[in-house]
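Structure assessment
Residue strings, one per chain:
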Amino acid sequence: MLKEFILKIKNEKMAQIKAGKVGNDLLFTLLSEGDDVYGVLGDELGERTLIEDVITIYAAAVSTTQITVNNICKYIHMDRYLPVKEKLLAEIDSLLAFEAWDAEGNAINRNSFLEAASYENIQENFEYTMMCFRESMRIEPPVGFSTSHTVTKDVVLAKGTPKELKINAGEMLHIFTKKLHHDVNQWGENHNEFIPERFDSNSQHFKAPSGKPRHPYSYAPFLGGHRICLGKTFAENVAKKLIAMTLKFYALELADPKLKLETFEYELF
Ligand code: HEM
């Protein structure tokens, strides 16, 4: 169904490209600039590859960012995270310090809005918004476990401890991000709580319960190494903008008021 939908749009875009139209959306770019790649694969394989690419980019880019931002909106509307909401709104109000609507409900101050929404402003500011984004990905990572990765040489993990684990070259493994993000030794007994200050180096919540810095891989929503998410910086910018603009322009409330009081228990399996 989704494939047919993509194919239908693809055919429409191809007709537009042939008629000399230039667009700047994803499919236009893939079809015009990716023509060499899809062309050499031949009609059938080229078409299949294009469809898979669109689905991958949609799943990798859109749903991940959307889930994280949705979850932030949920947390900050729960009663016990009211202080987080106030702090977040204070940052947004100070950085987007203009009235968005007039008395009749018309959007106003468009230039201030465009300036505030500029790449530079978003990239350089919104520190607390970013902490909320990071903490949301910690509690409910949108990619809960990795695709399979092949180990290229023999390794022994936790050598000499009761947890020692030998992994042989050629074996495949998944990295279980959810587990990393809820490790009590790294994140404390309150690992189910939404505490954005965990990412603030001046906060008491910044370190592991032992008082030591957290392990660099205790947090890996984008994974790491050679196959780290290609869209990490892009996602961070989009999310900051989305959170700031949504909370600036709209007053949200939870559809189910019961959620306001809910205690969050994260299910690992
Ligand atoms: C909150 C947002 C996002 C999260 C949490 C996220 C997370 C991840 C993770 C964990 C991986 C590694 C998957 C694996 O190897 O098993 C990955 C890969 C990837 N991500 Fe993202 N991603 C996000 C947004 C994006 C965006 C916005 C884009 C594109 C614009 C993107 C493009 C990709 C691509 C192309 C890969 C494959 C990289 C490779 O295998 O070399 N992601 N992402």
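For the structure itself, consult the block above.
Below is a summary of the structure that appears in this document. Note that the structure is a prediction, hence the values are computed from the model and not measured.

**Thoughts on the overall build of the chain**
Each helix and strand in the chain was counted, giving eleven helices and four strands. Overall, the C-alpha framework of the chain stretches about 65 × 65 × 35 Å when taken along its three principal axes. Taking all 269 residues of the chain together, 17% fall into the buried category. Expressed as a percentage of contacts within the chain between residues at least 6 apart in sequence, the contacts between residues at least 24 apart total 67%.

**What about the nonpolar core?**
Core analysis: the largest hydrophobic core is formed by 24 residues, its most contacted members being I72, I76, L88, C132, F133, I243 and A244. Of all the secondary-structure elements, those providing two or more residues to this core are helix 4 (43–76), helix 5 (82–95), helix 8 (127–139) and helix 11 (232–249). Examining the composition of this core, we find that six residues originate from one element, helix 8, more than from any other.

**Comments concerning helix 1 (residues 2–18)**
Along its 17 residues, helix 1 runs 24 Å from first to last C-alpha, staying within 8% of the 24 Å computed at 1.5 Å per residue. Positive backbone phi, at 90°, marks G20, one or two positions downstream of helix 1.

**Some points on the packing of helix 5 against helix 8**
Where helix 5 contacts helix 8, the axes come no closer than 8 Å and their chain directions differ by 140°. What the angle tells us is that helix 5 and helix 8 run oblique. Mapping the contact onto sequence places K87, L88, E91 and I92 in helix 5 and Y128, T129 and C132 in helix 8. A class-by-class count of the residues in the contact of helix 5 with helix 8 yields four nonpolar, one polar and two charged.

**Re the environment of V69**
Among the structural elements, V69 can be located in helix 4. Residue V69 is classed as buried on the basis of its C-beta count, with 21 C-beta atoms lying within 10 Å. Along the chain, V69 and G23 lie 46 residues apart, while their C-alpha atoms are 28 Å from each other. With residues up to four places along the chain from it excluded, the contact list for V69 reads A239, L242 and I243.

**Quick look at the site of the ligand**
Close to the ligand lie 19 residues, the nearest being T64, S146, T147, C229 and G231. By residue number, the principal contributor to the shell around the ligand is helix 4, which donates five residues. Class assignment of the residues belonging to the shell around the ligand gives a composition of twelve nonpolar, six polar and one charged.

**A few points about the environment of F145**
Here F145 lies in the loop between helix 8 and strand 1 (149–150). Sequence spacing of F145 and G231 is 86 residues, and the spatial spacing of their C-alpha atoms is 17 Å. In contact with F145, not counting residues within four places along its chain, are H174, I175, F176, T177 and K178.

Analysis parameters
Residues numbered from 1 in each chain as written. Predicted model: local features only at pLDDT ≥ 70, side-chain atom pairs only at ≥ 80, totals over all residues. Helix = DSSP H or I, 4+ residues; strand = E, 2+ residues; numbered from the N terminus. Buried ≥ 20, exposed ≤ 12 C-beta atoms within 10 Å, placed from the backbone. Contact = placed C-beta atoms within 7 Å. Core = buried A, V, L, I, M, F, W, Y, C linked by C-beta atoms within 7 Å. Expected span 1.5 Å × (residues − 1). Axes fitted to C-alpha atoms, helices over the stretch in contact; angles between N-to-C directions. Parallel < 35°, antiparallel > 145°, perpendicular 65-115°, else oblique. Nonpolar A, V, L, I, M, F, W, Y, C, P; charged D, E, K, R; others polar. Near = placed C-beta within 6 Å.

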